Every structure is written in C-alpha cells, then in structure tokens.
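# Structure assessment
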Amino acid sequence: MSESGGDMPSRRVGGLLPMALMAAIGSLAVHMLVPALPLVARDLQADEPTIQLTVTLYLVGLGIGQLVAGPVADRLGRRPVLLAGLIVCLAGLLISFGASDATVLIVGRVVTALGGAAAIVSVRAMVADSAAGADATAQLAILTSVVLLSPTLSPVIGGALADAGGWRLIFACLASCAAALIVIAWRRLPETHLQGGARRSPVHDFAQLLGTARFLRFAVAVALSRCALYLFLSASPFLLTERWGLTPSEAGFCCLLVAAAGVGGTLIVRRLRSGGAGFRVGLALAVAGSALMLALGLAGFDGPMTLIAPMIIVGLGTGIAAPAGIAGVMQCVPGLAATSTSLAGALQMVISGAAATIATQMHIAKPSWLAAAILAAAAAAFLAAPTDED
C-alpha cells in the first residue's frame, strides 16, 4: 500500500495559489465560453443543440477524466499526472482555438476536460499528501475559494474577451494560462506521494471505497451540497432578469454576492479544528438559509433580496462544507487519496449536472419552487453527512 508524505509542509509544494489555478482551470474553461456560445454557433454555422454539446460533453469528460486520473495518480504519483493533465488541457485548448467546425471544437473541448480533470484530482491529492486533518481542510479551503469564484467570474471575463476579440480569444488566453501553469508545475511542484507495497487494480480500489460507509456518506453529502449551489446558478438568472427585471450585469452581481459568501466560508473553515464538525456546521447553515428562503416565499414576500439574502447564508454554508467534505473524502482510506477524490468528483458531476439540467428544463418560475429544491438537496446532504463518531 502507498503512503503519503503527511509531514511535508505546504510551502514545499510550491504555494497554494498556483495550485488553486491548476485546480480551477477545468472550471474556467467551461464557464468562460458560455456567454460566447451564440458567437460560436454563428461563426461555425452550427445549430444551438450542437453547440450545447460543447458544454454537455465537457462535463462528461470532467467526470470520466477524474475516474481515470485518480487511480493513476495513486500508482504513478501526483506530479506526472498533474503535468500530463495540464499538457493535455493545453492541447485541447489549442485544438479548440483552431477549430474550423463544431465537430473539431467538441473534440477539443473533451480533450480539455480530460486534462482539467487530471489537474484537479492531482492537486487535491498533493494537498492531502502534504497535510493532515484540520491542516488539510484549511489548505483545501484556499483551493475551494478559487473554484467557487470561477463559475461567477468566468462568464464575465469570457464575455469581455469575446466582445474584445471574438470567441477564439477566450481559448488563446486560457491556453496562455495553461502554458504558464505547466512551467510553474514543472519548476516548483515536487512529487508528494511516497510509493511502496503491492499495487492493486483500480477496480479493487473503487470497490474498497464503495464498501466504506464513511466514504460514501462524505461523497454523497459533498455532491448534494454542491447540487444546491448548482440549482441556484441554473435557475436564478431567469428569476432575477425575467421575474424581477434586473439587467444581466445586476443579476451577475447578485451571483457574485453568493460566491463571495462561499469564499468567506472557506476562510471560516480554517478556524474549525474538527473537519467533520465543520462539515456539518456548513451543511446546517445551508439548510437554514434554504429554509428561510422557502419561508419567505410561502409567506408572500417577493423581490430579489428574498432570494439573494437567504442564498448568501447557503453560500456561506457550502463554502464551509466543501473543503471539510473533500478532506474527509480523501482521509477515509489511507493510500487512496487521489482515487477517493476522483470517485467523489465524478459522483458530484453526475448529481449536480442532472439537477441543473432538470431545473433548466422545468423552467422554474417561482422563488419558492427553487427554494424547495435547494432545501431538499441541503437537507439530504446534512442527513447523509457522517459525524466524528461514525
């Protein structure tokens, strides 16, 4: 069985900000393109369903990529998987930049997603190798803060780039970022995984994780808590702009407030010395915020703040819960940190993607409907979460 370098201080893995960007590049690459999709469709003469595949298949690639990258990182080490992932991501971005039709663009997007998945799995595993317990949770909080901001800031950046130089400029900037991260990873990030013992098959590792009740409870709870956030991001733009008449920029600012609360949560979690307790505290806040949102809707209160103010509480809670939950996932089975986070990440993509798709198709027209869906996800996450005694 493998061992990890648990006593290696975080400063020896090159600093967390570059690592946070490596972990977030997959998220950046999907969200920055969203506002430019109509330009892409017009330029490549493709219909809307075809262009939507650049997002749908990207998310599929992120899920599959994590399942593959995790076991490989536990066997070959974090550094080679991270470098390979960033290189594959760069290749996909360059393919997308030069795409002459929708098919080539979709191929480039899937390649990018596979590389981004390897990056996020290996970066999380590096953090788990370099710290333990509350320290790992604190360092994962920094990674999570960047990932939480990216879905909100990325569309703004992507839209500005598309307005300035067309949709291909988005891929040019992302490719430049990926190239810089490859250099940083090569020069500053050492291997953190000390290997030893017999190597088992990935199937055996996945079976061991799926047979571990504590892992399953953490993984399901993390996925459901993220699902609550994705439900808001999917349905709130419609409510804010069409129901309450906000402009797109005003709606974007409202989403930014929720993201900022999530970042605030990642700062708070570093002060909670018990990761399991911090996880449940965060989920409890998410339940309280969504319950308040539902109560306001059922009481007849209306207006953007009846949605955003309670959602800030939910965002704060998910910001606390996410890093504590990811740390819990990776600490359940020694030696399988990367495989653990890959399996949990794939589960998160499936649950969140399905929930967001359903919310979009249902065309949620009332804040109380959205509040009920968010409350259901948050309450289920709280019930699934393990305690320190489990």
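In this text, all values refer to a predicted model and were calculated from it rather than measured experimentally.

### With respect to the overall build of the chain
Per the secondary structure count, the chain includes 14 helices and 2 strands. Per-residue burial over the chain gives 54% buried out of 390 residues. Across the chain, the fraction of contacts at a sequence separation of at least 24, relative to all contacts at a separation of at least 6, is 88%. Of the roughly 15500 Å² of accessible surface on the chain, 68% is carried by carbon and sulfur atoms.

### Quick notes on the side chain of T339
The residue T339 is located in helix 13 (residues 337-362) in this model. In this structure the side chain of T339 is engaged in a polar contact, spanning 2.5 Å, whose partner is the side chain of D74. Excluding residues within four positions of it along the chain, T339 makes contact with G70, P71, D74, D205, F206 and L209.

### Re the packing of aromatic side chains
The relative placement of two aromatic rings is captured by the distance of their centres and the angle of their planes. In total, this model carries 2 aromatic pairs according to the counting rule given. With centroids separated by 5.3 Å and ring planes inclined at 35°, the aromatic side chains of F218 and F279 adopt a geometry described as tilted. Placement of the pair is F218 in helix 9 (residues 213-243) and F279 in helix 11 (residues 275-298), with a sequence separation of 61 residues. Relative accessible area serves as the criterion here: at 2%, F218 is assigned to the buried category. Here the guanidinium or amino end of R79 rests over the ring plane of W186, the centre of that ring lying 5.0 Å away. A cation sits over an aromatic face here: R280 above F382, 4.5 Å from the ring centre.

### Structural notes on the pattern of salt bridges
A side chain with one charge may pair with a side chain of the opposite charge, provided their charged atoms come close. Taken as a whole and assessed by the stated rule, the structure comprises 4 salt bridges. For R75, the salt bridge goes to D205, with nearest N and O atoms at 2.5 Å. Taken together, the residues R75 in helix 3 (residues 48-76) and D205 in helix 8 (residues 202-210) connect sequence positions 130 residues apart. Taking relative accessible area as the criterion, R75 reaches 14% and is therefore assigned buried. Across the pair D302 and R243 runs a salt bridge, and its minimum N-O distance is 3.4 Å. Here D302, found in the loop between helix 11 and helix 12 (304-330), pairs with R243, found in helix 9; they are 59 residues apart in sequence, far enough to count as distant. Classification of D302 as partly exposed rests on a relative accessible area of 47%. A relative accessible area of 38% places R243 in the partly exposed class.

### Focus: the packing of helix 9 against helix 12
Where helix 9 contacts helix 12, the axes come no closer than 9 Å and their chain directions differ by 155°. Regarding the angle of helix 9 to helix 12, the classification is roughly antiparallel. The handedness of the crossing between helix 9 and helix 12 is left-handed. The segment helix 9 lies against helix 12, with F215, F218, A219, V222, S225, A228, L229, F232, S236, L239 and L240 engaging P304, L307, I308, M311, T318, A324, G325, I326, G328 and V329. For the contact of helix 9 with helix 12, the residue count by class is 16 nonpolar, 5 polar and no charged.

### Digging into the nonpolar core
In this structure, M19, M22, L82, L86, L143 and I170 are the most contacted members of the largest nonpolar core, which totals 67 residues. Examining the composition of this core, we find that 13 residues originate from one element, helix 5 (residues 102-130), more than from any other. Apart from residues lying up to four places away in sequence, L143 is in contact with L16, M19, A20, V123 and V127. In terms of nonpolar packing, the next biggest core, distinct from the first, is built from 29 residues, A228, L231, I308 and A378 among them.

### Some points on the state of the cysteines
Per the stated rule, a full pass over the model turns up 0 disulfides. Here C177 stays free of any disulfide, with the sulfur of C89 as its closest cysteine sulfur at 8.7 Å.

### Topic: helix 4 (residues 78-97)
The first and last C-alpha atoms of helix 4 sit 28 Å apart over 20 residues, in line with the 28 Å expected at 1.5 Å per residue. Among the residues of helix 4, R78, R79, V81, L82, L83, G85, L86, C89, L90, G92, L93 and S96 are the ones counted as buried.

### Notes on helix 1 (residues 16-31)
An α-helix turns once every 3.6 residues. As a result, residues three or four positions apart point the same way. Helix length check: helix 1 (16 residues) gives 22 Å between terminal C-alpha atoms against 22 Å at 1.5 Å per residue, within 8%. Burial within helix 1 is extensive, with 14 of its 16 residues counted as buried.

### What to know about the environment of P190
The residue P190 is located in the loop between helix 7 (167-188) and strand 2 (193-194) in this model. On the basis of relative accessibility, which here comes to 31%, the residue P190 falls in the partly exposed class. Through-space distance from the C-alpha of P190 to that of R78 is 8.8 Å; in sequence the pair is 112 residues apart.

### What to know about the packing of helix 1 against helix 5
When two helices pack together, their arrangement is given by the angle between their axes and by how far apart the axes lie. Viewed as axis vectors pointing N to C, helix 1 and helix 5 meet at an angle of 150°, and their least axial separation amounts to 8 Å. One element, helix 1, and the other, helix 5, form an angle in the roughly antiparallel class. In this structure, helix 1 crosses over helix 5, and the sense of that crossing is left-handed. Residues L16, M19, M22, A23, G26, A29 and V30 of helix 1 touch helix 5, and the partners they reach there are R109, T112, G116, A119, I120, V123, M126 and V127.

### With respect to the confidence of the model for the chain
Here the chain averages 84 in pLDDT, while 87% of its residues score no lower than 70. For the chain, per-element mean pLDDT is lowest for strand 1 (residues 3-4), which scores 41, and highest for helix 4, which scores 96. The low-confidence segment residues 1-14, where pLDDT is below 50, has 42 contacts with residues more than four positions distant or belonging to other chains.

### Here we look at a nonpolar patch on the surface
A cluster of nonpolar residues, L53, L57, V60, I64, L67, V68, V72, L76, V88 and L114, forms a patch on the protein surface that exposes about 740 Å² of accessible area. The element that contributes the greatest number of residues to the nonpolar patch is helix 3, accounting for 8 residues. By the element assignment, L57 lies in helix 3. Taking relative accessible area as the criterion, L57 reaches 31% and is therefore assigned partly exposed.

About the thresholds
- Residues numbered from 1 in each chain as written.
- Predicted model: local features only at pLDDT ≥ 70, side-chain atom pairs only at ≥ 80, totals over all residues.
- Heavy atoms only, no water.
- Helix = DSSP H or I, 4+ residues; strand = E, 2+ residues; numbered from the N terminus.
- Buried < 20%, exposed > 50% of the residue type's maximum accessible area, 1.4 Å probe, protein only.
- Contact = heavy atoms within 4.5 Å.
- Areas by Shrake-Rupley, 256 points an atom, 1.4 Å probe, with all protein chains shown as cover.
- Polar contact = N/O pair within 3.5 Å; in protein donor to acceptor, adjacent residues only side chain to side chain.
- Phe/Tyr/Trp six-rings, centres within 6.5 Å; stacked < 30°, edge-to-face > 60°.
- Lys NZ or Arg CZ within 6 Å of the ring centre and 35° of its normal.
- Salt bridge = Lys/Arg side-chain N within 4 Å of Asp/Glu carboxyl O.
- Axes fitted to C-alpha atoms, helices over the stretch in contact; angles between N-to-C directions.
- Parallel < 35°, antiparallel > 145°, perpendicular 65-115°, else oblique.
- Left-handed = near helix turned anticlockwise from the far one by under 90°.
- Nonpolar A, V, L, I, M, F, W, Y, C, P; charged D, E, K, R; others polar.
- Core = buried A, V, L, I, M, F, W, Y, C linked by side-chain atoms within 4.5 Å.
- Disulfide = S-S within 2.5 Å.
- Expected span 1.5 Å × (residues − 1).
- pLDDT = per-residue confidence, 0-100.
- Patch = residues over 30% accessible without salt bridge, like charges linked within 9 Å, V, L, I, M, F, W, Y side chains within 5 Å.

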